[in-house]
Amino acid sequence: MKESKVKVNEIYSSNHSGDFIVLKPMGTMNKNMTYLVRFLKTGYETITRYDSILNGTVKDPYFPRIYGVGYFGEPSEQNKAMYYRWRCMLSRCYNPNNKRYKQYGGIGVRVCDRWLCYATYLNDIKTLPGYDDMIRNPQIQYCLDKDMLQKDIPHSQRVYSPETCMFIPLVNNISFLAVDNASNYNC
């Protein structure tokens, strides 16, 4: 068994997930000592090897590292296309360097707290109107739309959430945006 310099009740820092405390030793795995740790910001607990503690490579899937607000969670499946949509949604709302930020986060559009977690978002979108059509018609490009169900709400107060979003074909989204923007900006 490799010797460990890790101390119980000591606080360590991870490279990308904040500080954590070592709670107790958990035995050995492949001749390496393992420990139960808890991240201070999120309360997430995990068992990790001593060298990961010392190197700062322990990861917290609930630490908000995507634009300072989004976090991965523990999704039950991998879906690169939906991850890309989720990350783009967060970027428009929380990344001032995004070219579309001025029309989204810059005016107050936000993402609900529930959808700041990718794993939750991934589960929720399967229940949205239009999701099944999108899956059945992969040749058609669909958008996650927050505007059609909130057309009576000012743009600055709109939110991406399970209650306010739906999937619609890109062509419909472009047409709706043209009408919606004209009615809101001609007042």
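Now for a look at the structure at hand.

Section: the sheet that holds strand β1 (residues 11-13)
Okay, so step 1: Pairing in this open sheet of four strands is antiparallel, and the strands run β1-β2-β3-β4 from one edge to the other. In this open sheet, the two edge strands, each paired with only one partner strand, are β1 and β4 (45-49). Neighbour-to-neighbour, the strand axes of this sheet turn through a mean angle of 45°, independent of strand direction.
Okay, so step 2: As paired strands, strand β3 (residues 32-39) and β4 are joined by five bridges and run antiparallel to one another. Paired with Y35 across the bridge in β4 is T48.

Focus on the environment of C112
Okay, so step 1: If you trace the backbone, C112 turns up in the loop between β5 (110-111) and α3 (118-124).
Okay, so step 2: Residue class for C112 comes out buried when judged on its relative accessible area of 13%.
Okay, so step 3: The sequence separation of C112 and R100 amounts to 12 residues, and the corresponding C-alpha distance is 19 Å.
Okay, so step 4: With near-sequence residues (within four places) excluded, C112 lies in contact with V159, Y160, S161 and P162.

Details of the pairing of β4
Okay, so step 1: Burial along β4 is one-sided: the residues T46 and T48 are buried and none of E45, I47 and R49 is.
Okay, so step 2: Here β3 hands over to β4 after five residues, with G43 in that stretch at a positive phi of 85°.

Remarks on the pairing of strand β6 (residues 142-145)
Okay, so step 1: Every second residue of β6 is oriented toward a common face, with Y142 and L144 on one face and C143 and D145 on the other, all of them buried.
Okay, so step 2: When β6 meets strand β8 (residues 166-169), the two strands line up antiparallel, connected through four bridges. In the strand pairing of β8, D145 is matched with M166.

Thresholds applied
Residues numbered from 1 in each chain as written. Predicted model: local features only at pLDDT ≥ 70, side-chain atom pairs only at ≥ 80, totals over all residues. Heavy atoms only, no water. Pairing = 2+ DSSP bridges. Helix = DSSP H or I, 4+ residues; strand = E, 2+ residues; numbered from the N terminus. Axes fitted to C-alpha atoms, helices over the stretch in contact; angles between N-to-C directions. Buried < 20%, exposed > 50% of the residue type's maximum accessible area, 1.4 Å probe, protein only. Contact = heavy atoms within 4.5 Å.

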